[in-house]
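An overview of the molecular structure
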Amino acid sequence: MDAAGGIDIIGDIHGMHTRLVAMLEVLGYRRRAGRWSHAEGRHIVFVGDYVDRGARVAEVVELVRELCDHRVALALAGNHDTNAIAFATRAQDRAFDPAEAWRQATARLAAGPDAAPAPTAWLRPHDGKNLKQHQDTLRGFADAHGYDACVRHFMALPLYLELPGLRAVHAAWIPPAIHALDAWAAAKGVTAGIRAESIDEAIEIQRSRMAPDERHWVELLDLGARQQALDFAPDESVAIALERIVKGVEMRLPGEVRLADGGGHARGEMRIRWFDAAAGRTYHEHALTKAADTEKLRALLGDRRIDAREHSAELPPLPTLVPYHPHDAYPADERPVFFGHYALFDAADRAFGKILRANVACVDHGGGFAAGALSAYRWSGERELRLANFVTVDAKAD
Ligand SMILES: [Mn+2]
């Protein structure tokens, strides 16, 4: 364990400023004479997703940034944060222009359902679905300048953290994906994530490291290159590597089975327990979904087991799918891994979706949803994680 104190790993905030302030209070972080600190020298690791859903995005981003500036916290990037970078990058000339993206998108939001098509094509199209997902963030900034500074700041966030005692990532710790990102970053003279001997050292590295800039992010987010790469070497595509670690791993569902995603769209894939082997498991056992979807899978598919032939590498892979693998992807004797992203909450079961295995914990329990809670794990060096070390704040939505 870090000599200076433990680490509080805080889950997805999604613009919920009131919950974040309440969480900092509960965990014992105080702002005195303009400086944040913790009496026992503890630190924070945020697992990303600062924007979308809650209304007070600008204040959340500013507060997280201040905690990082005061060497109290390290903030990782989530998929909503990297999506914002793609939203702010023009498709045609690959130019990064958050201010213009904000002006065009807010004008479309103001015009309502009859809005004309976006005048510019963006790497993440400003279409109905993406615009809807990002609307609270766009409205959360009073002007283009604030949005511009926020998205530029996101480009500098590390994608993962590895310390001797723990690992943290937004959605999934997939070693081949992390290696692909590292190799790509090394060739560019930048770093994608942070490895350090202590959280203090990690925070110092974050302050001085060369982060990917806007030219690099075009490669990380380029959908065209990603599709092309799928045709020959999916695991070597850096865009797929990014997708896997910030969006997790999915598996096709058999037949006509569909699950609704966060935006209510029917999807023929399910999010899976990427840290476990699929072999011999049923669909509902291998799902990493909210309780209602796990029950739906159980109701629709019963104890039907995942079939290796349906999920073999010979099938054309989709961007976020991985082949069926027979071995645990995250070894039982490894240091603990923490991630957010999955919004695993169940009002009826306080333990649901928290300790997924002795060394695997999810810290996102729907902090961005009115019915969910902002969650954190108070880590003090233990190898075996404990439910009692979770802290949740389910104050009213911002
Ligand atoms: Mn996420």
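Now for a look at the structure at hand.

Calculation criteria
- Residues numbered from 1 in each chain as written.
- Predicted model: local features only at pLDDT ≥ 70, side-chain atom pairs only at ≥ 80, totals over all residues.
- Heavy atoms only, no water.
- Helix = DSSP H or I, 4+ residues; strand = E, 2+ residues; numbered from the N terminus.
- Axes fitted to C-alpha atoms, helices over the stretch in contact; angles between N-to-C directions.
- Parallel < 35°, antiparallel > 145°, perpendicular 65-115°, else oblique.
- Contact = heavy atoms within 4.5 Å.
- 1 Å grid on protein atoms, 1.4 Å probe; cavity = no way out; pocket = protein on both sides within 12 Å on 5 of 7 lines; lining within 4 Å.
- Points joined across faces, edges and corners; volume = space filled by probe spheres on them.
- Donors = N, O, S within 2.8 Å, 3.2 Å for Na, K, Ca; no water.
- Buried < 20%, exposed > 50% of the residue type's maximum accessible area, 1.4 Å probe, protein only.
- Pairing = 2+ DSSP bridges.
- Salt bridge = Lys/Arg side-chain N within 4 Å of Asp/Glu carboxyl O.
- Core = buried A, V, L, I, M, F, W, Y, C linked by side-chain atoms within 4.5 Å.
- Left-handed = near helix turned anticlockwise from the far one by under 90°.

Position of Ala-239 among the secondary structure elements: in helix H11 (residues 238-247). Measuring from C-alpha to C-alpha, the distance between Ala-239 and Trp-217 comes to 9.4 Å, with 22 residues separating the pair along the chain.

It is at 6 Å that the axes of helix H9 (residues 214-221) and H11 come closest, and there the two elements cross at 80°. When the interaxial angle is binned, H9 and H11 end up roughly perpendicular. Of the residues in H11, those touching H9 at Trp-217, Glu-219, Leu-220 and Leu-221 are Val-238, Ala-239 and Leu-242.

Another point: the environment of Lys-290. Within the secondary structure layout, Lys-290 lies in the loop between helix H12 (283-286) and helix H13 (291-301). Counting along the chain gives 53 residues from Lys-290 to Ala-343, while the straight-line C-alpha distance between them is 7.1 Å. Those residues in contact with Lys-290 that sit more than four places away from it in its chain are Ala-343, Leu-344 and Phe-352.

Bringing empty space enclosed by the protein into the picture now. In total, this model carries two cavities of 30 Å³ or more according to the counting rule given. By volume, the largest cavity is sized at about 40 Å³. Forming the boundary of the largest cavity are Asp-52, His-80, Asn-83, Ala-84, Phe-87, Arg-124, Asn-130, Gln-133 and His-134. For the lining of the largest cavity, the elements supplying multiple residues, two or more each, are helix H3 (79-87) and helix H5 (128-139). Top contributing element to the lining of the largest cavity by residue count: H3, with four residues. One number sums up the size of the second largest cavity: a volume of about 30 Å³. Lining the second largest cavity, in full, are Tyr-50, Val-61, Val-64, Arg-65, Ala-75, His-153, Phe-154 and Leu-157.

What follows concerns the coordination of the manganese ion. Donor atoms from the polypeptide that bind the manganese ion are Asp-49 (OD), Asn-79 (OD1), His-170 (NE2) and His-341 (ND1), placed at 2.2 to 2.3 Å. One chain supplies every donor to the manganese ion, and in sequence these donors are spaced D-x29-N-x90-H-x170-H. Taken as a pair, His-170 in the loop between strand S7 (167-169) and helix H7 (175-188) and His-341 in the loop between strand S13 (337-339) and strand S14 (355-357) lie far apart in primary sequence, 171 residues in all. This pair shows no difference in class: His-170 is buried, exactly as His-341 is.

Relative to the helices and strands, His-134 is located in helix H5. With residues up to four places along the chain from it excluded, the contact list for His-134 reads Asp-52, Ala-84, Phe-87 and Tyr-147.

The subject of this paragraph is the sheet that holds strand S8 (residues 194-195). Taken in spatial order, the six strands of this open sheet run S8-S6-S7-S13-S15-S14, and their pairing is mixed. Bordering the open sheet on either side are S8 and S14, each of which pairs with just one other strand. Bridge analysis of S13 against strand S15 (residues 360-362) gives three bridges, and the strand direction is parallel. What sits directly across from Val-337, in S15, is Val-360.

This brings us to the pattern of salt bridges. Applying the stated criterion across every chain yields a total of 25 salt bridges. In this structure, the salt-bridge partner of Arg-103 is Glu-100, at a minimum N-O distance of 3.3 Å. With Arg-103 and Glu-100 both in helix H4 (residues 98-111) and three residues apart, the pair spans about one turn of that helix. Residues Glu-269 and Arg-267 are paired through a salt bridge, measuring 2.6 Å at the closest nitrogen-oxygen approach. Classification of Glu-269 by relative accessible area gives buried; the value is 19%. In this structure, a network of salt bridges that share partners links the residues Glu-162, Arg-167, Asp-182, Arg-195, Glu-334 and Arg-335.

Counting residues in hydrophobic clusters, the biggest one holds 97 residues, and the most contacted among them are Phe-46, Tyr-50, Leu-159, Trp-274 and Phe-339. In this structure, Val-45, Leu-163, Ala-196 and Leu-385 belong to the second largest nonpolar core, which totals 22 residues.

Attention shifts here to unusual backbone geometry. In the Ramachandran plot, Ala-33 falls in the positive-phi region, its phi being about 50° despite a non-glycine side chain. Residue position: Ala-33 is located in the loop between strand S2 (29-32) and strand S3 (35-38). Phi is positive for His-341, which is not a glycine, with a value near 75°.

What follows deals with the packing of H4 against helix H6 (residues 144-155). Packing of H4 against H6 leaves a shortest axis separation of 8 Å and a crossing angle of 130°. The orientation of H4 relative to H6 falls into the category oblique. Relative to H6, H4 is oriented so that their crossing is right-handed. On H6, the residues touching Pro-98, Ala-99, Trp-102 and Arg-103 of H4 are Ala-144, Tyr-147, Asp-148, Val-151 and Arg-152.

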